[in-house]
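A look at the structure
Chain residues, written in single-letter form:
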Amino acid sequence: MSTQIETKCLHAGYEPGNGEPRQLPIWQSTTWKYATSDDMGALFDLEAEGYFYTRLQNPTNDMAAKKIAALEGGYAGMLTSSGQAANFFAVFNICEAGDHFIASSSIYGGTYNLFMVTMAKMGIECTFVDQTLPEEELAKYFKPNTKAVFGETITNPTCSVLDIEKFVRLAHSHGVPLIVDNTFATPVNCRPIEWGADIVTHSTTKYIDGHAVSVGGAIVDSGNFDWMAHAETFPGLTTPDESYHGIVYAEKFGKGAYITKATAQLMRDFGCIQSPQNAFYVNTGLESLHVRIQRHCENALAVATFLKGHEKVAWVHYPDLPDDEYHELAKKYLPKGSSGVLCFAVKGGRDKSIEFMDKLKLATIATHVADARTCLLHPASHTHRQLSEQQLIEAGISPDLIRYSVGLENADDLIADLAQGLDVI
Ligand SMILES: *Cc1c(COP(=O)(O)O)cnc(C)c1O
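So, a few notes on the structure that sits alongside this text. (Residues numbered from 1 in each chain as written. Predicted model: local features only at pLDDT ≥ 70, side-chain atom pairs only at ≥ 80, totals over all residues. Heavy atoms only, no water.)

1. Here's the deal with the sheet that holds strand β10 (residues 364–365)
Spatially, β8-β9-β12-β11-β10 is the arrangement adopted by the five strands of the open sheet, whose pairing is mixed. Only two strands of the sheet have a single neighbouring strand rather than two, namely β8 (313–317) and β10. As paired strands, strand β9 (residues 341–346) and strand β12 (residues 402–405) are joined by four bridges and run antiparallel to one another. The residue of β12 that forms the bridge with F344 is I402. Seen against the sheet, helix α14 (residues 349–359) touches β9, β10, β11 (375–377) and β12 and runs at an angle of roughly 115 degrees to β9. (Pairing = 2+ DSSP bridges. Helix = DSSP H or I, 4+ residues; strand = E, 2+ residues; numbered from the N terminus. Contact = heavy atoms within 4.5 Å. Axes fitted to C-alpha atoms, helices over the stretch in contact; angles between N-to-C directions.)

Spelled out as structure tokens, the structure:
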């Protein structure tokens, strides 16, 4: 039975049988027992399906991942210990030393550091591009060893909207997949795979959890990218894996190749597993995601409209505002609303923005975003502190930018809080 996204939030991934628990159980076990040595050997050879050790797979994790994959319209999914691990695995699964990939320069600061500093140490080079450039300009950044293109549906913290179809055309015309971090939009508001993206990642720490209780990540593969058609570009998927008795992932697992490789190889070796307890929170968060996201967006639009009209506010970026520079892209890719995150600055520059933040009483300063409670931070002083002035400019982060993540409180209360803060500066 095909169902709508709201129904999938509740029912996908775990379907209890007769007399089984109604809620997704937590398999709080590191290991599984088997009757014979051969039974377990078949699992190690990837010849049989089943569980043997939680670092590789755990039913609670798998069922929560299956729900996220269903919501994204993907073929298969997996959970990781964090959003950072998800983005690292997503790229490292197809890039190795000597390879190159392209990422939008407007991405989350943690991802920027991962790609620019840490992956460079592994011999993987990333070129950061201005995602608003025309296609012909962006095409110039491809090299013979380019293996992937990466962007965020709605960028953290600048709230720009990625032109997913433009990036799909660019990636595919160069024979590589597009990876999209869909954390802010969530599958309720945008499903990049429906627009042609190949792989989707999440920091489940944000809206999917929604209550600031668990750090986690997810990767979903569409199953649509034809690795075999680009066999020479992706030897990790199309030639024998010596660490698995010569398995060729793309041949043996077809549409499941990418996630199977990421699980069998990367999770085996790096061990960035999400705890089953956290996977349970993720699943619980997903059950109400569609209701929460709608309210986040309604509240954010009310707050953005108020700020836009206030004389002490220098500027506001929120894609759902009709005169926002990303409104056309938002209407196309995010017709139900973008997210609860907006950014703005008060008049008077960086110091005034910081002074204003300290005056708020309801919204709290927190290194978090996309939470049920309204929170805010100053990227230039916090999440993007490691970036130079030049890198901040390239990432589109002006020194006065305040990232304001609208929660589920009453919008009038949030506006009153902002109004009193603006009054006293
Ligand atoms: C927070 C975030 C990440 C990193 O996720 P963690 O769960 O904190 O590791 C990656 N991408 C985006 C867009 C984020 O907002």
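2. Comments concerning the packing of helix α3 (residues 59–72) against helix α12 (residues 276–308)
The relative placement of two packed helices is expressed as an angle between their axes plus a distance between the axes. Where α3 meets α12, the axes come as close as 8 Å, and the angle between the chain directions of the two elements is 30 degrees. It follows from the interaxial angle that α3 and α12 lie roughly parallel. For the crossing formed where α3 meets α12, the hand is left-handed. Taking contact as the criterion, the partners of T60, N61, A64, K67, I68 and L71 in α3 are, on α12, P276, A279, F280, V282, N283, L286 and E287. Within the contact of α3 with α12, the residues separate by chemical class into eight nonpolar, three polar and two charged. (Parallel < 35°, antiparallel > 145°, perpendicular 65-115°, else oblique. Left-handed = near helix turned anticlockwise from the far one by under 90°. Nonpolar A, V, L, I, M, F, W, Y, C, P; charged D, E, K, R; others polar.)

3. Focus on the sheet that holds strand β6 (residues 199–203)
In space, the seven strands of this open sheet follow the order β1-β7-β6-β5-β4-β2-β3, with mixed pairing throughout. Edge positions in the sheet fall to β1 (76–80) and β3 (125–129), since each has one partner strand and no second. Pairwise comparison of adjacent strand axes, ignoring direction, gives a mean angle of 20 degrees for this sheet. Strand direction decides the pairing type here: strand β2 (residues 100–104) and β3, joined by five bridges, are parallel. Across the sheet, the residue bridging to S104 is V129, located in β3. Where helix α5 (residues 109–121) meets the sheet, its contacts fall on β2, β3 and β4 (146–152), and the angle it forms with β3 comes to roughly 135 degrees. Against the sheet, helix α7 (residues 164–173) touches β4 and β5 (178–181), its axis set at about 150 degrees to β5.

4. A look at the site of the ligand
Close to the ligand lie 16 residues, the nearest being G83, D181, S203, T205 and K206. Between the ligand and the protein, one listed contact pairs an oxygen atom with a backbone N or O atom of G83 at 2.9 Å. In the environment of the ligand, an oxygen atom lies 2.9 Å from a nitrogen or oxygen atom belonging to the backbone of Q84. Here the ligand, which alone exposes 380 Å², has 92% of that area covered by the protein. Counted by class, the shell around the ligand contains three nonpolar, ten polar and three charged residues. (Near = heavy atom within 4 Å. Polar contact = N/O pair within 3.5 Å; in protein donor to acceptor, adjacent residues only side chain to side chain. Areas by Shrake-Rupley, 256 points an atom, 1.4 Å probe, with all protein chains shown as cover.)

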